Amino acid sequence: MARSLEGLVLAPVADQAPGQVGARTRFTYHEDRGRIWADYAGGDVVRGHLVGTREGDRLDFRYVQLGRDGATASGHCVSTVVELPDGRVRLEETWEWESRRGRGTSVVEQLPS
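Residues numbered from 1 in each chain as written. Predicted model: local features only at pLDDT ≥ 70, side-chain atom pairs only at ≥ 80, totals over all residues. Heavy atoms only, no water.

J.: Please give an account of the packing of aromatic side chains that cites residues and values.
T.: Geometry of an aromatic ring pair is reported as the spacing of the ring centres plus the angle between the planes. Counted according to the given criterion, the structure contains 4 aromatic pairs. A centroid spacing of 4.6 Å and a plane angle of 25° characterise the contact between Phe27 and Tyr40, whose relative ring orientation is stacked. One end of the pair, Phe27, is in strand 2 (residues 26-32); the other, Tyr40, is in strand 3 (residues 35-42), and 13 residues separate them in sequence. Given the relative accessible area of 7%, Phe27 is considered buried. According to the relative accessible area criterion, Tyr40 is buried, its value standing at 3%. A centroid spacing of 5.4 Å and a plane angle of 70° characterise the contact between Tyr63 and Trp97, whose relative ring orientation is edge-to-face. Residue Tyr63 is located in strand 5 (residues 58-67), and its partner Trp97 is located in strand 7 (residues 89-97); the two are separated by 34 residues in the primary sequence. (Phe/Tyr/Trp six-rings, centres within 6.5 Å; stacked < 30°, edge-to-face > 60°. Helix = DSSP H or I, 4+ residues; strand = E, 2+ residues; numbered from the N terminus. Buried < 20%, exposed > 50% of the residue type's maximum accessible area, 1.4 Å probe, protein only.)

See below:
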C-alpha cells in the first residue's frame, strides 16, 4: 500500500473541461484510519470538498464544489493511489458527475516539496 495521504498537496497534471478542476487547482488531503477528506480550490473552482474512504490503494469518495460562475456541482470518484519512483503520490481517477451529465478520467500528483 502506498503511503498516507495525510497533509499532501496534489494538483491535476492537465486541465479538464471548463468549470472543472484544472492545473491551477490544489487539493489538500487528510487521512485517518481509512477515512479521507480534502479541500480544494483554484482555477475555475472557488471552493470544493471531498469525503470518502480508503481500502488499500483504492479511494472512493463524493465531491462538491462551487465554480467561479456561481454554479454548484457534485459527483462520485474512485481513485487508485500510485507511488511514483521519486516517492511522490499519484491518484489515477475515474469520476462521474451526479448533479449533471458527464464522466471522465483524470490524474493528480503530489507537488514536489
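J.: Any details on the sheet that holds strand 5? Residues and values, ideally.
T.: Strand order in the closed barrel formed by 8 strands is 1-2-3-4-5-6-7-8, and the pairing between neighbours is antiparallel. Going from strand to strand, the sheet's axes swing by 30° on average, the running direction of each strand aside. Here 9 bridges tie strand 5 to strand 6 (residues 72-83), and the two strands are oriented antiparallel to one another. Bridging across to strand 6, Arg62 finds its partner in His76. (Pairing = 2+ DSSP bridges. Axes fitted to C-alpha atoms, helices over the stretch in contact; angles between N-to-C directions.)

J.: Please provide a residue-by-residue account of the environment of Asp57, values included.
T.: Along the chain, Asp57 turns up in the loop between strand 4 (45-55) and strand 5. It is 8.1 Å that separates the C-alpha atoms of Asp57 and Ser79, two residues lying 22 residues apart in sequence. Once residues lying within four places of it in the same chain are set aside, the contact partners of Asp57 are Met1, Ala2, Ser79, Thr80 and Val81. (Contact = heavy atoms within 4.5 Å.)

J.: I'd like to hear about the pattern of salt bridges, residue by residue, with values.
T.: Counting across every chain of the model gives 11 salt bridges. The partner of Arg58 in a salt bridge is Asp60, and the shortest N-O contact between them spans 3.6 Å. Here Arg88 and Asp86 are joined by a salt bridge, their closest N and O atoms 2.8 Å apart. Three or more residues joined by partner-sharing salt bridges are found here, namely Asp86, Arg88, Arg90, Glu92 and Glu109. (Salt bridge = Lys/Arg side-chain N within 4 Å of Asp/Glu carboxyl O.)

J.: Could you give me a rundown of the nonpolar core, with the residues and numbers involved?
T.: For soluble globular proteins, nonpolar side chains are generally found buried alongside one another. Counting residues in hydrophobic clusters, the biggest one holds 23 residues, and the most contacted among them are Leu5, Tyr29, Leu50, Phe61, Tyr63 and Leu91. Counting only elements with at least two residues in this core, the list comes to strand 2, strand 3, strand 4, strand 5, strand 6 and strand 7. Considering every element that reaches this core, the biggest residue donor is strand 7, with 4 residues. Once residues lying within four places of it in the same chain are set aside, the contact partners of Leu91 are Leu10, Tyr29, Leu59, Ser79, Thr80, Val81, Ser106, Val107 and Val108. (Core = buried A, V, L, I, M, F, W, Y, C linked by side-chain atoms within 4.5 Å.)

J.: Give me unusual backbone geometry: which residues, what numbers.
T.: Even without being glycine, Arg33 reaches a positive phi, approximately 50°. Looking at the secondary structure, you find Arg33 in the loop between strand 2 and strand 3.

Scope: geometric values only; no functional claims are made or implied.
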